[in-house]
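# Observations on chain architecture
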Amino acid sequence: MKKMQYDHAKIEAKWQKYWATVGLFQDQVAVLPKNKQYLLFAFAYPSGSGLHVGHVESKTALDMLTRFYRMTGQDVYFPVGWDAFGLPAENYAIKTGVHPAVTTREAIDTFRGQIQRLGISYDWANELATNHPGYYRWTQWLFLQLYKKGLAYRGIGVVNWCPKDQTVLANEQVVEGHCERCGTKVVQKELEQWYFKITQYQDELLDGLNQVDWPEATKQHQRNWIGKVKGLTIDFTLKKNSQALPVWTKFWETVYGATFVVMAPEKFEALKLGNLVAADRQQAVADYLDQAKHKTEEERRIGEKDKTGVNTGLTVVNLVNGQEVPLFVADYILMGVGTAIVMGVPAHDERDFAFAKKYSLPITQVVSYDDSKIDQAVRNSERSFEGPGKLVNSGQFDGQEAWGAGKENMAAWMIEQGFARWETTYKLRDWLISRQRYWGAPIPIVYDPDGKPHPVKEEHLPWTLPTDVDFKPTGESPLKSSQEFVARTEKLYGKGWRPEFDTMDTFVDSSWYFLRYLDARNTKAFADPKQLKAWLPVDLYLIGPEHIVLHLLYARFFTKFLRDEGYLTINEPFTKMRHQGMILGPDGKKMSKSKGNVINPDEIISKFGADTLRIYEMFMGPLEAAKPWDDRAVAGVARFLKRVFAVYQLKVSSQTDPALARKLHQTLKKVTADIPALKFNTAIAAMMEFLNLWEKTARDSDETALTSQDLVMFIKMLAPFAPFMAEELYGQLVSVKGTKQYQGVHVQPWPKFDAKLAQEERVAVAVQVDGKLRGQLTVEHGQLEDQTTILVEARKLAGVEKWLKDKQIVKEIYIPGKIVSFATK
RNA sequence: GCCGCGGUGGUGAAAUCGGUAUACACGCAAGACUUAAAAUCUUGUUCUGGCAACAGAGUGUGGGUUCGACCCCCACCCGCGGCACCA
């Protein structure tokens, strides 16, 4: 046989072309599946800079799994698409004047080429892009369904506004008071906007988490985000007119210690309590309210250390003991948390303590603590403390456990008295979806001349995004600059009618794409119900940890809504989910252009080949871990593949070396178990181990030491990992290659290992004396259960005998095939 | 502060159920080939002592359970991610 050198560029180009020609693994969703595997990768935003190594990691992992499942005879669906609306393309357009549609198309073309070079076996038949009218028509349809049910509504509210991007942001897109995207300080603005009523499903979104196989941390994040808390709402009353001021709290056991009541400025205005304020306080209160209104989120945050407030001069009655306490307004009380009215218990709450100190308010201790140091400090009003203890100064409840019986009894009593009730609160807010941006799906709403909103008629969908638009940010929606858009609206709905000029948050587009994947060319429905039923839910979703909260919550919300509307039969869209870890630069830091530590996958491919890149990224470590890039380790993987290729150029043996056969089956067993467990790193290590033994066995010979059947077995094992090389080597081995009957390695059945052959004949059993390893006993496989003999043999081992001499054995243990343990006195 | 994840050789990391800690790879060292270098191959590589046999120590720290702990329990330290004036 002619010896060939491993030429990755030639081999990869050849097979990429061949697979494309025969349409390998295309259009798979049409088949009604028996053993379905719907594998999903969080679709990418097609940025101008192309695929990065992080994309490669998750795409490769799923591709390996996909190829493995196919070989084991399952019906796999592995689709691809583009999250194509969004800010970067629009910002680029503002800078250069190039239309986002153009840059997006170019970026998608780049990505597509890179993906094919990587050997990712996507099914392209249902490729989709969210900016395509054929897609966003159904995004708009979804909006209209929500609208019909009152789950898409218009509301006035204080919104987060990014002055640089000139748009509203969802709460989720504000990170520490700054815009998630551009880092600009976010300001508050009052606007009328569209919301999706996700809170309608808050309990189900919480409960559903118990049904899915997701990382515990992710579920916990979602739970925290929904933030369900059971508390007690207690009425305090305004002395002047007996008006009830409900206070919500988790710590009602400290209610006897309330020495003031404080409410959010917005709440004070909403309740119109200003009129009740005595004349001499009017000015001070008005000033404070005005000042609070003009504070940004950031300024309020700074106030954390120095709390401000104003005494309204009004008096409030604490109904538990009739005590009269002052009413304050303070901006450390947040609108939207509880009732926005808080009882101030300075002895047992840090914030209330700081406030009481500043305004010289009394501090009443109502819980005494076992720790005398703490108790002393609280008694002397030196600090506040929250913790378990006994109630004091609390009327009939004195002496009861504050975090036990006392808490329960007090709640029961207050409820019985009629001035308290249970109330559950949530942190989750409705989803603000309006964006004053161009590059998104238009909200399908038109306004009549009176300004009343009406849904765009379904026959007018897709409600297309106009093209005659000036992108320059003005603080208003760019769509306002389109003449065509207004003309179209007037033509279809009448003179004086106006379209909604805002577009939808791109999270709307990207939170239902996994449904459209199943039938992306359907023009009658977002997907054929038969396909939806056959393929949903998604069996495995691989997604970056950055999407833990928003995307997943929204996708689950849509799923539940569409189920209620009769379109879906599932409760949860993603049965199993895992996260891939971030690939860091060689310096161990997050890759970024400014740090100059970015690794370009194209360069790795041209230097070492796609097979090497794939295997290296999977070999770096566990899929979910953050891993730094190591150039030299890449070369190590390239070496591995080169060695595999070289050993396949030897003459095929007529018999397989027995020791090597055992190792082969052991390796196959390990790889077969590791792939579905997503433990690609150890599967690769096992194959490397096999190669090490193989080379040793075949050394100083011109033969492979494997039969052609066993050579095929290993190459099939390698196929999901290194699809190009596997196809090449398989072709070299199989005689029908080049003929019409030739079918590549990727459609071959996954080999079966011989369990008996994979078992070692002799097993090394470790022998311990007093927990220390003192010897090793080699036992024939058939003798493993013979405890008596083994214990006798173990004692006789030279290294063991030495340590047992002059000692009395008090216990001896034998775990078959593992260990012998002697305990002595 | 709260929630979550993690801490193992010089480095990335293995260790399936509580059972021989450090597989695999990188790096490093020595050697082979070479005029030389690169590439490739071979051998070694947890630490301490010892020529060696061997002995001792060893999975962030301190304790505990167990014949036996990277793994389980308690207390703590450090790193990373998220949330945070949430009453």
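This report concerns the structure included in the present document.

Reading guide: rules and limits
- Residues numbered from 1 in each chain as written.
- Chains lettered and ligands numbered in written order.
- Predicted model: local features only at pLDDT ≥ 70, side-chain atom pairs only at ≥ 80, totals over all residues.
- Heavy atoms only, no water.
- Helix = DSSP H or I, 4+ residues; strand = E, 2+ residues; numbered from the N terminus.
- Buried < 20%, exposed > 50% of the residue type's maximum accessible area, 1.4 Å probe, protein only.
- Contact = heavy atoms within 4.5 Å.
- Areas by Shrake-Rupley, 256 points an atom, 1.4 Å probe, with all protein chains shown as cover.
- Lys, Arg positive; Asp, Glu negative; His and termini not counted.
- Charge placed at Lys NZ, Arg CZ, Asp CG, Glu CD.
- Near = heavy atom within 4 Å.
- Polar contact = N/O pair within 3.5 Å; in protein donor to acceptor, adjacent residues only side chain to side chain.
- Nonpolar A, V, L, I, M, F, W, Y, C, P; charged D, E, K, R; others polar.
- Axes fitted to C-alpha atoms, helices over the stretch in contact; angles between N-to-C directions.
- Parallel < 35°, antiparallel > 145°, perpendicular 65-115°, else oblique.
- Pairing = 2+ DSSP bridges.
- Salt bridge = Lys/Arg side-chain N within 4 Å of Asp/Glu carboxyl O.

This next bit is on the overall build of chain A. Regarding its fold elements, chain A presents 28 helices and 32 strands. Taking the principal axes of its C-alpha atoms as reference, chain A extends roughly 105 × 95 × 50 Å. Evaluated residue by residue, chain A yields a buried proportion of 54% over its 825 residues. Taking the contacts inside chain A whose residues are at least 6 apart along the sequence as the reference set, 72% of them involve residues at least 24 apart. Carbon and sulfur atoms make up 51% of the accessible area of chain A, which amounts to about 37,400 Å² in all. Both charge centroids of chain A, one from 105 positive and one from 100 negative side chains, sit 4 Å from each other.

Our next topic: the protein's contact with RNA strand B. Of all residues adjacent to RNA strand B, which total 54 residues, the nearest are Thr249, Lys250, Lys307, Arg351 and Arg639. Restricting attention to atoms of RNA strand B within 4 Å of the protein, one finds that 63% of them are sugar or phosphate atoms. In this structure, asparagine 692 approaches RNA strand B through a side-chain N or O atom, which is 3.2 Å from a phosphate oxygen. At 3.5 Å, a side-chain N or O of lysine 772 approaches a phosphate oxygen of RNA strand B. Element by element, the count of residues in the surface near RNA strand B is highest for helix 23 (residues 680–698), at 6 residues. A per-class count over the surface near RNA strand B returns 22 nonpolar, 13 polar and 19 charged.

The next thing to look at is the packing of helix 1 (residues 8–22) against helix 25 (residues 723–733). To describe two helices that pack against each other, one gives the angle between their axes and the distance between the axes. Between helix 1 and helix 25, the shortest axis-to-axis distance is 9 Å and the interhelical angle comes to 85°. Here helix 1 lies roughly perpendicular to helix 25, going by the angle between them. When helix 1 is examined against helix 25, the residues Ile11, Glu12, Lys14, Trp15, Gln16 and Trp19 are found in contact with a partner set consisting of Pro723, Phe724, Met725, Glu727 and Glu728. By residue class, the composition of the contact of helix 1 with helix 25 is 6 nonpolar, 1 polar and 4 charged.

Attention now goes to the sheet that holds strand 23 (residues 498–499). The 3 strands are arranged 22-21-23 in an open sheet whose pairing can be described as antiparallel. Each of the sheet's edge strands pairs with one partner strand only, and the pair in question is strand 22 (453–455) and strand 23. Where strand 21 (residues 445–447) lies against strand 23, 2 bridges are found, and the strand directions are antiparallel. Within strand 23, the position partnered with tyrosine 447 by the bridge is arginine 498. Here helix 5 (residues 133–148) sits on the sheet in contact with strand 21 and strand 22, set at roughly 120° to strand 22.

Attention shifts here to the environment of glycine 313. Among the structural elements, glycine 313 can be located in strand 13 (residues 309–318). It is 56 Å that separates the C-alpha atoms of glycine 313 and tyrosine 513, two residues lying 200 residues apart in sequence. Those residues in contact with glycine 313 that lie beyond four places of it in its chain are Arg281 and Leu327.

Applying the stated criterion to the full structure yields 36 salt bridges. With its nearest N and O atoms 3.2 Å apart, the salt bridge here joins glutamate 253 to lysine 407. Separated by 154 residues along the polypeptide, glutamate 253 in the loop between strand 11 (244–249) and strand 12 (260–263) and lysine 407 in helix 13 (residues 405–417) bring together distant segments of the chain. Judged by relative accessible area, which is 2%, glutamate 253 ranks as buried. Lysine 407 gets classed as buried once you look at its relative accessible area, which sits at 18%. Two residues, glutamate 703 and lysine 651, come together in a salt bridge whose shortest N-O distance is 3.8 Å. Pair noted here: glutamate 703 is in the loop between helix 23 and helix 24 (708–718) and lysine 651 is in the loop between helix 21 (631–647) and helix 22 (658–674), with a separation of 52 residues, a long-range link. A residue is classified by how much of its surface remains accessible, and glutamate 703, at 29% relative accessible area, is partly exposed. Accessibility expressed as a relative area gives 48% for lysine 651, which makes it partly exposed. Each of Glu204, Arg556, Lys560, Arg563, Asp564 and Glu572 takes part in salt bridges that share partners, so that together they form one network.

With that settled, the discussion passes to the pairing of strand 29 (residues 762–769). Where strand 29 lies against strand 30 (residues 772–780), 8 bridges are found, and the strand directions are antiparallel. Across the sheet, valine 765 pairs through a bridge with leucine 777, a residue of strand 30. Turn length for the strand 29-strand 30 hairpin, with the two strands adjacent in sequence and antiparallel, is 2 residues, and the turn residue aspartate 770 shows positive phi of about 50°. Summarising the sheet, strand 29 and strand 32 (residues 819–824) pair through 4 bridges and their orientation is parallel. Of the residues in strand 32, the one forming a bridge with alanine 766 is isoleucine 819.

Any functional reading would require information that these geometric values do not contain.
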